[in-house]
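Geometric and topological summary
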Amino acid sequence: MRPDLGGASKRLPNATLATGSEDSLVPPAKLTNVSLQLTGTALEPGERIGSFENGTAVHVVVADGATHLSEADDPRLVRVTTDWALRSVGESPSADLGITVRSIGSVLYQFLFGLAGVLAGTALTKRVVIARLDDNHHLDAVVVLAWLAGFSMVLHTTVSQRVYHFGPIPAQATKYVLLGGLLLVVGLGLDRLASLTSWADSRTGLALLDLGILLVPVGAFVLLSTQFVTFQLVTTVVLSSAVLVVLGVFLAEFAVLSVRRRLRWTGIGLAVLWLVPAVVPPYL
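Fair warning: this is a prediction, and the values are worked out from it, not measured in the lab.

Time to look at the overall build of the chain. Of regular secondary structure, the chain possesses nine helices and three strands. The order of α-helices and β-strands along the chain, N terminus first, is β-α-β-β-α-α-α-α-α-α-α-α. In terms of overall dimensions, the chain is more spread out than a globule: its C-alpha atoms have a radius of gyration of 24 Å, far above the 19 Å expected for 284 residues. In terms of its C-alpha atoms, the chain occupies a principal-axis envelope of roughly 75 × 40 × 30 Å. When contacts within the chain are restricted to residue pairs at least 6 apart in sequence, long-range pairs at least 24 apart make up 67% of them. Looking at the chain as shown, the accessible area adds up to about 15700 Å², and 64% of this sits on carbon and sulfur atoms. For the chain, the distance from the average position of its 20 positive side-chain charges to the average position of its 20 negative side-chain charges is 7 Å.

It is worth spelling out the sheet that holds strand β2 (residues 48-49) at this point. One key point about sheets: their strands pair by backbone hydrogen bonds, in either a parallel or an antiparallel sense. Sheet architecture is open: three strands sit in the order β1-β3-β2, paired in mixed fashion. Both edges of this open sheet fall to β1 (15-20) and β2, since each of them pairs with a single strand only. Alignment of β2 against strand β3 (residues 58-63), held across two bridges, turns out to be antiparallel. When the sheet's bridge partners are listed, Arg 48 is paired in β3 with His 59. Those strands touched by helix α1 (residues 28-39) are β1, β2 and β3, and its axis lies near 165° from that of β1. Against the sheet, helix α2 (residues 75-88) touches β1, β2 and β3, its axis set at about 165° to β3.

This next bit is on the packing of aromatic side chains. Geometry of an aromatic ring pair is reported as the spacing of the ring centres plus the angle between the planes. What the rule picks out here adds up to six aromatic pairs. An angle of 85° between the planes, with centres 5.4 Å apart, marks the rings of Trp 147 and Phe 254 as edge-to-face. Residue Trp 147 is located in helix α4 (residues 139-157), and its partner Phe 254 is located in helix α8 (residues 230-256); the two are separated by 107 residues in the primary sequence. Just as Trp 147 is buried, Phe 254 falls in that class too. With centroids separated by 6.1 Å and ring planes inclined at 85°, the aromatic side chains of Phe 151 and Trp 274 adopt a geometry described as edge-to-face. With a gap of 123 residues between them, Phe 151 in helix α4 and Trp 274 in helix α9 (residues 261-279) connect regions that are remote in the sequence. Residue Trp 274 is classed as partly exposed on the basis of its relative accessible area, which comes to 22%. When the ring centre of Trp 265 is taken as reference, the NZ or CZ atom of Arg 261 above it lies at 5.8 Å.

Another aspect to go through is α1. Spanning 12 residues, α1 covers 17 Å between terminal C-alpha atoms, matching the ideal 16 Å at 1.5 Å per step. All buried positions along α1 are accounted for by Leu 31, Thr 32, Ser 35 and Thr 39. On an axial view of α1, the arc spanned by its buried residues comes to 105°, and they lie on one face. Close packing links the buried residues of α1 with β1, β2 and β3. Two residues or fewer after α1 comes Gly 40, characterised by a positive phi angle close to 90°.

Its 27 residues place the ends of α8 38 Å apart at the C-alpha level, agreeing with the 39 Å of an ideal helix rising 1.5 Å per residue. Every buried residue of α8 is accounted for by Thr 236, Ser 240, Val 243, Leu 244, Val 246, Leu 247, Phe 250, Leu 251, Glu 253 and Phe 254. Looking at the packing, one finds that the buried side of α8 touches α3 (104-132), α4, α7 (203-226) and α9. With its phi angle positive at about 60°, Ser 258 sits one or two positions after the end of α8.

Even without being glycine, Ser 258 reaches a positive phi, approximately 60°. Within the fold, Ser 258 resides in the loop between α8 and α9. We classify Ser 258 as exposed; its relative accessible area is 54%.

The biggest cluster of nonpolar side chains holds 46 residues, and the ones touching the most others in it are Trp 147, Phe 151, Leu 247, Phe 250, Ile 268, Val 272 and Val 276. Put simply, the parts of the chain that give this core at least two residues each are α3, α4, α6 (173-196), α7, α8 and α9. Sequence-distant contacts of Val 276, that is, excluding residues within four places in its chain, are made with Leu 179, Val 218, Phe 221 and Val 243. Leu 17, Leu 43, Ile 49 and Val 60 belong to the second largest nonpolar core, which has six residues in total.

Definitions and cut-offs
Residues numbered from 1 in each chain as written. Predicted model: local features only at pLDDT ≥ 70, side-chain atom pairs only at ≥ 80, totals over all residues. Heavy atoms only, no water. Helix = DSSP H or I, 4+ residues; strand = E, 2+ residues; numbered from the N terminus. Rg over C-alpha atoms; globule rule 2.2 N^0.38 Å. Contact = heavy atoms within 4.5 Å. Areas by Shrake-Rupley, 256 points an atom, 1.4 Å probe, with all protein chains shown as cover. Lys, Arg positive; Asp, Glu negative; His and termini not counted. Charge placed at Lys NZ, Arg CZ, Asp CG, Glu CD. Pairing = 2+ DSSP bridges. Axes fitted to C-alpha atoms, helices over the stretch in contact; angles between N-to-C directions. Phe/Tyr/Trp six-rings, centres within 6.5 Å; stacked < 30°, edge-to-face > 60°. Buried < 20%, exposed > 50% of the residue type's maximum accessible area, 1.4 Å probe, protein only. Lys NZ or Arg CZ within 6 Å of the ring centre and 35° of its normal. Expected span 1.5 Å × (residues − 1). Arc of directions from axis to C-beta. Core = buried A, V, L, I, M, F, W, Y, C linked by side-chain atoms within 4.5 Å.

Everything listed is a geometric property; what it means functionally is a separate question.
If you want it as structure tokens, here you go:
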């Protein structure tokens, strides 16, 4: 039975249901089923029912050729959703909204170019500090702080600004507490292991310990945070893996530059605590 869309108690907010024709996670047929559940009418792409005035307008849009990853920067979807939002608040959108859609690819190129600069800048920082800092006790700390500043600037001006905003998220404090606790416990355990075993001083041993400080706490955090929900688990593993690959490159650079273990783990751990909770669904 179709719900009474005009009734105040059953009134739906204006909703536009959008996806890409090549989206395998949310195919167009799924939006038709969702529209049936919301309105009692199975809407095909391009169809709309209801009115903006009483908050019952529902629309289904499918962007040709767009995938699950490219929908965010599809010009048609950006235009349609912006137009819909303006009409929902009583505004009449102009013919030209003045929106410039930047492709995810171009943003990622900028991000990777910036990372190359941070890699070079980190190595250069150590050389400069060695030449000018008499007290080498603080050398590694300066290198790690310089890396954090450069990495933060590059991420903020590219991916975090244009594609996906990375934390902090105060409303999800539980996630930060959980991940912070895991990083601390695993870090202390691996550091203790390193001090008790001779193989930890070898190149292979150092590499295994560095991988452990990245993979063990993050892996446990992902499993606990997603509560083993399959869809969210797969998505989060993919996103967190991308984060870990980037951080793993810098962790390897710190090892090559002979940055002390505890300092490089501290710097990378802070980056993990900053980035990983942002890509994990808010189940906690």
